[in-house]
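Coordinate inspection notes
So you can see what is in the structure, the chains are spelled out below.
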Amino acid sequence: MKVLWKRYMRAVMILLSVCFLVFSACATKTALDDIDRYGVGGKKFSDNVTPADQAFALLPQQLLKVGFVQVGHESDWRIAATKSCKEVFSEENGYELYFVDADNNPKVQVEAVRNFIREEVDYIVIDPILTTGWTAVLKEAYHAHIPVIILDRTIDCKERYYTAWFGSDFVREGELAGQWLQNYLNMSERGTETIHIVTINGTQGASAQLGRTEGFARYLERNSNWKLLAQECGDFTESGGRMVMEKYLNMYPDIDVVICQNDNEALGACAAMDEAGISYGTDGDIIVISFDATRAGLKAVLEGKIHADFECNPLSPPYAAEAIRRLEADEELAKKHYYLPEDCFTADETPMVLMVDFESKKMVTVTETLLEEREY
């Protein structure tokens, strides 16, 4: 109701302004004639335009106030998402953006949302760090009648407290990685060997970490010869990935596979293996699997350092903007949750086809042309 009330009051203010300007326009017809029927900034009015039309054209643009709280700037993926946000929610596109970088601090995110509520923004967009801790503040936004849109990671909260979510199917990403590894080992005639696996997890409690872990675990259960040696947090950072991989290399002399839950961790793990003189990649001993499919990650795929990279699309802000456009037009959103389009990448010239839940997904071969055309 408050959204409708805001729109009503906005319309009333515009109407009052138009009435005032119409009176002024009618009273100064000669002045308008003197400027050869040109409006603000040299915009020419057509001959059949009314004084009311002229007056409306003189009104300042009404910007929608959007509060956006970002996780941080810990990875190439996150930087791409922030860039997309600032491009989409620009003044040129009709928005006044209130942007907060939480620097991976959940408390900063919650307080930012409370500040947005106090500022009486029109919409709140959240890219959450953790799945938990959101119910109280989203209740506040709900009772303030401010629509909330969630991007990327999911949250544990009743659905009525947010309007829509746009992001990735993290469980399916983990399943696709597991199926790729299963197929790759079978094709390499290693399907029955004991395979020693280590995982470098993302930020603990993030839905990307939880979903990818859950999805891959389903293939661990199906393949009794796969042995998970360890899984530790690399916080989705290159330094974290390198530190964890250095620890693994000191602890486990027989690693066959390293699962990195994003590209920055994978690049850190590769650096650790380079320094230790460990053979890895398509021509080496250790199989490297990654997630995100950023340009840097796909470059490593092309170079043969990473075997397979599973995309997590960071370009969700345009989808949030489209949802806002529809809400402003009093349209109903068709559903609550929306998965973004994503691909799976490999360096193989004859990429395999994966099948999860009766849906096929063909791996995409990374080429120089693909890298040049990549948006992030």
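Residues numbered from 1 in each chain as written. Predicted model: local features only at pLDDT ≥ 70, side-chain atom pairs only at ≥ 80, totals over all residues. Heavy atoms only, no water.

**Focus on the overall build of the chain**
When you go through the chain residue by residue, the secondary structure sums to 13 helices and 15 strands. In the chain, which comprises 376 residues, the proportion classed as buried is 51%. (Helix = DSSP H or I, 4+ residues; strand = E, 2+ residues; numbered from the N terminus. Buried < 20%, exposed > 50% of the residue type's maximum accessible area, 1.4 Å probe, protein only.)

**Regarding the packing of aromatic side chains**
For the structure on display, the rule yields 10 aromatic pairs. Between the aromatic rings of Trp165 and Tyr339, the centroid separation amounts to 5.6 Å while the plane-to-plane angle is 90°, which identifies the pairing as edge-to-face. A residue pair is termed long-range when its members are at least 10 positions apart, and Trp165 in strand β5 (residues 164-167) and Tyr339 in strand β11 (residues 337-339) qualify at 174 residues. Put simply, the rings of Phe166, Tyr319 and Tyr338 touch in pairs and so form one group of aromatic residues. Here the guanidinium or amino end of Lys336 rests over the ring plane of Tyr162, the centre of that ring lying 5.4 Å away. Over the aromatic face of Tyr376 sits the side chain of Arg374, whose NZ or CZ is 4.5 Å from the ring centroid. (Phe/Tyr/Trp six-rings, centres within 6.5 Å; stacked < 30°, edge-to-face > 60°. Lys NZ or Arg CZ within 6 Å of the ring centre and 35° of its normal.)

**Focus on the confidence of the model for the chain**
Considering every residue of the chain, the mean pLDDT works out to 88; 84% of them sit at 70 or more. Contacts from residues 11-46, a stretch scored under 50 in pLDDT, to residues over four places away or in other chains number 32 contacts. (pLDDT = per-residue confidence, 0-100. Contact = heavy atoms within 4.5 Å.)

**Things to note about the side chain of Lys361**
Mapped onto the elements of the fold, Lys361 is located in strand β14 (residues 359-362). No salt bridge is formed by the buried Lys361; its nearest oppositely charged neighbour, Asp343, is found at 4.2 Å. When near neighbours in sequence (up to four residues on either side) are disregarded, Lys361 contacts Arg172, Leu176, Glu342, Asp343, Cys344, Met352, Val353 and Leu354. (Lys, Arg positive; Asp, Glu negative; His and termini not counted. Salt bridge = Lys/Arg side-chain N within 4 Å of Asp/Glu carboxyl O.)

**Here's the deal with empty space enclosed by the protein**
Taken as a whole and judged by the stated rule, the model has 2 cavities of 30 Å³ or more. Space inside the largest cavity adds up to approximately 100 Å³. Along the wall of the largest cavity there are 13 residues; nearest its centre are Trp77, Arg78, Arg153, Phe236 and Asp292. Of all elements in the fold, only α4 (76-88) and α8 (207-222) reach the threshold of two or more residues within the lining of the largest cavity. Class assignment for the residues of the lining of the largest cavity results in 5 nonpolar, 2 polar and 6 charged. (1 Å grid on protein atoms, 1.4 Å probe; cavity = no way out; pocket = protein on both sides within 12 Å on 5 of 7 lines; lining within 4 Å. Points joined across faces, edges and corners; volume = space filled by probe spheres on them. Nonpolar A, V, L, I, M, F, W, Y, C, P; charged D, E, K, R; others polar.)

**Re the pattern of salt bridges**
Once their charged atoms are close, side chains differing in charge can pair, the charge on each being opposite to the other. Under the criterion given, the structure shown has 22 salt bridges. Asp152 is the salt-bridge partner of Arg78, the closest N and O atoms lying 3.3 Å from each other. With Arg78 in helix α4 and Asp152 in strand β4 (residues 148-152), this pair connects stretches of sequence that are 74 residues apart. The buried category is assigned to Arg78, whose relative accessible area is 2%. Looking at Asp152, the relative accessible area reads 5%, which means it is buried.

**Overview of the packing of α4 against helix α12 (residues 317-328)**
Where α4 contacts α12, the axes come no closer than 8 Å and their chain directions differ by 35°. Of the residues in α12, those touching α4 at Ala81, Ser84, Cys85 and Val88 are Pro317, Pro318 and Ala321. (Axes fitted to C-alpha atoms, helices over the stretch in contact; angles between N-to-C directions.)

**Here's the deal with the sheet that holds β5**
Across the sheet, 6 strands lie side by side as β2-β1-β3-β4-β5-β11; this open sheet has parallel pairing. Single-partner strands in this sheet number two, and they are β2 (95-101) and β11. Averaged over neighbouring strand pairs, the angle between their axes works out to 15° when direction is ignored. As paired elements, strand β1 (residues 64-70) and strand β3 (residues 123-126) share 4 bridges and run parallel to each other. (Pairing = 2+ DSSP bridges.)

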